[in-house]
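As a plain string of letters, each chain reads:
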Amino acid sequence: MTNLNLVVAEKPSVAQSIGKVLGCTGRQDGYLEGNGYLVSWCIGHLIELAEPEDYNGKYEIWKKEDLPIIPDIFKYQVAVSTKKQFQILKDLMNRDDVTVVTNACDAGREGELIFRLVYDKAGCKKPIKRLWISSMEDEAIRNGFDNLADGKDYDRLYEAALCRERADWIVGINATRFFTCSYGQTLNVGRVMTPTLALTVEREAQIRAFKPEDFYQVQLEGNDLIFTGNRIPDRAEAEDIAEKCRTEGKAVVTKADLNEKMENAPALFDLTSLQREANKRYGFTAQQTLDYAQSLYEKKLLTYPRTDSRYLTDDMEETAKAILGIIDEKLSIKATVEQNYKKILNSKKVTDHHAIIPTETLRSADVEALPEGEKKVLQLAAARLAESVSAPCKYKETVAEVSCLGKTYTLKGKYIADPGWRNVANNKDKDSDEDGTIITLDFKTGDTVAIGKTSVKAGKTTAPKSYTEDTLLSAMEKAGCDEIPDEAERKGLGTPATRAGVIEKLVRIGFLERRGDKKTKYLVPTHKGETLITVIPESIQSASMTADWEQKLLEIEKGNYDADAFMIEISQMIRSLIETYRIVPDAEVLMHPVYEPLGECPHCGSNVVEKSKGFFCENKDCKFALWKDNRFFDSLSKKLTKQIAVQLLTDGKAKLKKCRSIKTGKTYDTTVVLSTTDNGQPQFTLDFTKGGK
């Protein structure tokens, strides 16, 4: 009897790549075979945790008195949509000629979980081998199969994955049911999701509480240079100082420095830094960037994206050099002449996977045929590799200070002498002088500078900005860091692999919404999101506690922390929450926002108010509604904004400029006229007469 190795990949596309390398030419229903191998696949999570009602039918109805729900033994079930593929895997695992099963799911915590749950549910007891690779290139797959690890080496990774999944279930199921029952509306709570939402709510509270303050700065002009003083809150005081300095007519130089400085090249990308850069450059969401990177990985053009390392291993110098040559040839991206590979090599800082870089498959790829998003992500990763080995950016910084009547006035200038790595991807320094000329000083410390004239510059303090995808990812990465030891390897909320999903879920369930223009979108909590954080206790929304849990999961992977102790800690926290929590007084007022009227309903005369999805009549019996996602306005290549809605409600019409026909592409100006049907539904017509009459 032939001894076969059953290889289980995470996705069909990955299985196809592996099967090709292994010589599996035979196609069967749900798997490939040939050359001593069977190659099959999961379709995401085939096995999932059972719902509470599967433990006890009474849990179908949500009641506070039934909480907490903490199973002694967790039950798992086959996902309804993937029963057929699970049965195929189960049959393959239990074939007599299969003597070993290789886990070829993604090389990370979730990939380990996906495979092991299928393996356990199928009742398989056969030896496990582990394929652990960072690239889907043919050579990487071959090397991986030549060096398969013993599956037992990853038992702790599986243990940590189970803890993560079960902790999320315990917190999510119990806290969601508890707060939903307490306040009479669905309030979803999550171990990572809720602290992330809390970050955005805190930021918006800071913005709302912010009161801009006027400030004034005295400026002295001398030697064709302008020296600026500290901020002064009172204009009269600033003008008085300016006048006295003008009368004084001179200032003494207290500092006159010209320093040469260097700015080292940035490190390679891990997933979070790639997501942040793609958001800044192109407005991509974290999920979009992950999806593009994952697709490039499966096309063998990018290394494994779900990594938290920004270094390559010590033995990858020649690989990096080869890839840089391909990047130059295919993308015309060059590193500087002076290159330093030692900066990017550090095996001690590579855990499961090295940093994200293009692969040598790029040499034969048709880059122009890639979807635009994938092309941009690939170019980002390529440019960053070239930048990271390039020479530092060298600049000269001028700092001068003068003193007049006991107060100090400062002048600063920055000049790039050698752009170094900044030339690789046209990274311009925003702080450099626009004319590119250095500020020269014709004086030294102790000299006197004649003051030609003085002035007062007015300004206002500005509020902090709402989070973008870039800045929220950064905040998630750093959350709780002040309270976690410096030696901790993983800090923050979630992991690089899970943060995008957390943000997307918050948007999907209506706790966050994206606002802003096409490129710069801000993640702003909805009223529902703010309400949840208002009523949720600190133990659930604490970033430091959740970050501490993430670190403990990492310690479980290493065998330095007990999995049972972790689960007991989670369970105790939930029990304590349910036993000690007190309903927030006047919560009804919080739950039901008071909406600002935008105008009168043209059908019934009631107030029309803005909600997250449109502008609605407050009269529940009235059908009038202006949806923001509006087909009529889409046909004009326009969005139904609040401003347009107010014009329609006030005047019955709104002038629109530069509408664009989807059919012809031509632009035109017109006036949209609003009317209603007999049952109150809005109707729109276009009026092309002057003034829209």
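Residues numbered from 1 in each chain as written. Predicted model: local features only at pLDDT ≥ 70, side-chain atom pairs only at ≥ 80, totals over all residues. Heavy atoms only, no water.

(A) Seen up close, the overall build of the protein. When helices and strands are tallied, the protein shows 20 helices and 26 strands. Taking the principal axes of the C-alpha coordinates as reference, the protein spans close to 105 × 75 × 65 Å. In the protein, buried positions account for 49% of the 693 residues. As displayed, the protein offers around 34500 Å² of accessible surface, 47% of which is attributable to carbon and sulfur atoms. (Helix = DSSP H or I, 4+ residues; strand = E, 2+ residues; numbered from the N terminus. Buried < 20%, exposed > 50% of the residue type's maximum accessible area, 1.4 Å probe, protein only. Areas by Shrake-Rupley, 256 points an atom, 1.4 Å probe, with all protein chains shown as cover.)

(B) Quick peek at the pattern of salt bridges. Under the definition given, this model contains 46 salt bridges. Note that Glu53 is salt-bridged to Arg177, the shortest N-O span being 3.6 Å. Separated by 124 residues along the polypeptide, Glu53 in the loop between β5 (47–49) and β6 (76–78) and Arg177 in helix α5 (residues 155–183) bring together distant segments of the chain. Judged by its relative accessible area of 30%, Glu53 is partly exposed. The closest approach of N and O atoms between Glu112 and Arg130, which form a salt bridge, is 2.7 Å. Pair noted here: Glu112 is in helix α3 (residues 109–121) and Arg130 is in strand β8 (residues 128–130), with a separation of 18 residues, a long-range link. For the pair shown, Glu112 and Arg130 are each scored as buried. Residues joined by salt bridges that share partners form a network here, namely Glu110, Arg164, Asp168, Arg191 and Glu550. (Salt bridge = Lys/Arg side-chain N within 4 Å of Asp/Glu carboxyl O.)

(C) Region of interest: helix α8 (residues 271–282). Spanning 12 residues, α8 covers 16 Å between terminal C-alpha atoms, matching the ideal 16 Å at 1.5 Å per step. For α8, the full list of buried residues reads Leu271, Thr272, Ser273, Leu274, Gln275, Glu277, Ala278 and Asn279. Buried residues along α8 sit in contact with α9 (286–298), α11 (372–388), β17 (467–468), α12 (469–478) and α13 (499–508). (Expected span 1.5 Å × (residues − 1). Contact = heavy atoms within 4.5 Å.)

(D) Just helix α2 (residues 83–93), in detail. Gln85, Phe86, Ile88, Leu89, Leu92 and Met93 are the residues of α2 that are buried. Angular distribution of buried residues about the axis of α2 spans 160°; they occupy a single face of the element. (Arc of directions from axis to C-beta.)

(E) Fine view of the pairing of strand β19 (residues 521–525). Inspection of the sheet shows β17 paired to β19 by two bridges, in the antiparallel sense. Paired with Thr468 across the strands is Tyr522, a residue of β19. Bridge analysis of strand β18 (residues 512–516) against β19 gives five bridges, and the strand direction is antiparallel. Considered in β19, the bridge of Glu513 is made with Val524. (Pairing = 2+ DSSP bridges.)

(F) Structural detail: the sheet that holds strand β7 (residues 98–104). Taking strand neighbours across the sheet as the criterion, the seven strands line up as β2-β3-β4-β1-β7-β8-β9 in an open arrangement whose pairing is mixed. Single-partner strands in this sheet number two, and they are β2 (26–28) and β9 (149–150). Where strand β1 (residues 4–9) lies against β7, six bridges are found, and the strand directions are parallel. Bridged to Val7 within β7 is Thr102. Sitting on the sheet, helix α1 (residues 12–22) is in contact with β1, β2, β3 (31–34), β4 (37–41) and β7, with an inclination near 165° to β4. (Axes fitted to C-alpha atoms, helices over the stretch in contact; angles between N-to-C directions.)

(G) Representation of the confidence of the model for the protein within the structure. Residue-level pLDDT values for the protein average 90, and 94% of them are 70 or greater. The model gives residues 428–435 a pLDDT under 50, and that stretch makes nine contacts with residues more than four places away or in other chains. For residues 485–489, every residue scores under 50 in pLDDT, and the model assigns this stretch seven contacts once sequence neighbours within four places are set aside. (pLDDT = per-residue confidence, 0-100.)

(H) Here's a closer look at the packing of aromatic side chains. Tallied over the full model, the rule gives 17 aromatic pairs. Pairing Phe179 with Tyr581 gives two aromatic rings, centres 5.1 Å apart and planes at 80°, and the pair type is edge-to-face. Separated by 402 residues along the polypeptide, Phe179 in helix α5 and Tyr581 in the loop between α17 (563–580) and α18 (587–591) bring together distant segments of the chain. Residue Phe179 is classed as buried on the basis of its relative accessible area, which comes to 0%. Taken together, the ring pairs connect Tyr55, Phe74 and Trp169 into an aromatic cluster. Stacked on the ring of Tyr467, the Lys or Arg Arg203 has its end atom at 4.2 Å from the ring centre. For Lys414, the ring lying beneath its charged end belongs to Tyr395, and the centroid distance is 4.3 Å. (Phe/Tyr/Trp six-rings, centres within 6.5 Å; stacked < 30°, edge-to-face > 60°. Lys NZ or Arg CZ within 6 Å of the ring centre and 35° of its normal.)

(I) Examining the side chain of Ser571 more closely. With respect to the element layout, Ser571 can be found in helix α17. Setting aside residues up to four positions removed in sequence, Ser571 forms contacts with Ile70 and Ile170.

(J) Representation of the packing of helix α6 (residues 193–209) against helix α14 (residues 527–535). At a minimum axis separation of 9 Å, α6 and α14 run at an interaxial angle of 105°. Between α6 and α14, the angle is such that the two are roughly perpendicular. Taken together, the residues of α14 that come into contact with α6 (itself represented by Thr194, Leu197, Ala198, Val201, Glu204 and Arg208) are Gly529, Glu530, Leu532 and Ile533. By residue class, the composition of the contact of α6 with α14 is five nonpolar, two polar and three charged. (Parallel < 35°, antiparallel > 145°, perpendicular 65-115°, else oblique. Nonpolar A, V, L, I, M, F, W, Y, C, P; charged D, E, K, R; others polar.)

(K) A look at the nonpolar core. Within the largest apolar cluster, 128 residues are counted, with the highest numbers of intra-cluster contacts made by Met93, Phe179, Leu312, Ile344 and Phe566. Per element, the largest residue contribution to this core is 14 residues, and it comes from α5. Discounting residues that sit within four places of it in the chain, Met93 has contacts with Leu6, Val8, Val98, Val101, Phe115, Val118, Tyr119, Ala122, Cys124 and Lys126. (Core = buried A, V, L, I, M, F, W, Y, C linked by side-chain atoms within 4.5 Å.)

(L) Local environment of the side chain of Glu513. Tracing the sequence through the fold places Glu513 in strand β18. A distance of 2.5 Å separates polar atoms of two side chains, one belonging to Glu513 and the other to Arg515. Each residue touching Glu513, except ones within four places of it in the same chain, is listed here: Tyr522, Leu523, Val524, Thr526 and Ser612. (Polar contact = N/O pair within 3.5 Å; in protein donor to acceptor, adjacent residues only side chain to side chain.)

(M) Geometry of the packing of α1 against helix α4 (residues 138–146). One way to put it is that α1 packs onto α4 with a least axis distance of 10 Å and a crossing angle of 75°. By the angle class used here, α1 and α4 are roughly perpendicular. Across from Ser17, Ile18, Val21 and Leu22 in α1, the residues of α4 making contact are Asp138, Ile141, Arg142 and Phe145. Here the residues of the contact of α1 with α4 are counted per class, giving five nonpolar, one polar and two charged.

(N) Region of the structure containing the sheet that holds β17. Sheet architecture is open: three strands sit in the order β17-β19-β18, paired in antiparallel fashion. Strand pairing shows two members of the sheet lacking a second neighbour, β17 and β18, which therefore form its edges. Running at roughly 90° to β18, α13 makes contact with β18 and β19 of the sheet.

(O) Structural detail: unusual backbone geometry. Between Leu67 and Pro68 the backbone carries a cis peptide bond, its omega angle lying at 5°. In this fold, Pro68 is placed in the loop between β5 and β6. Even without a glycine there, the phi angle at Asn223 is positive, about 55°. Note that Asn223 resides in the loop between β10 (214–222) and β11 (225–228). Residue Lys658 is not a glycine yet carries a positive backbone phi of 55°. Among the structural elements, Lys658 can be located in strand β24 (residues 653–660). A relative accessible area of 67% places Lys658 in the exposed class.

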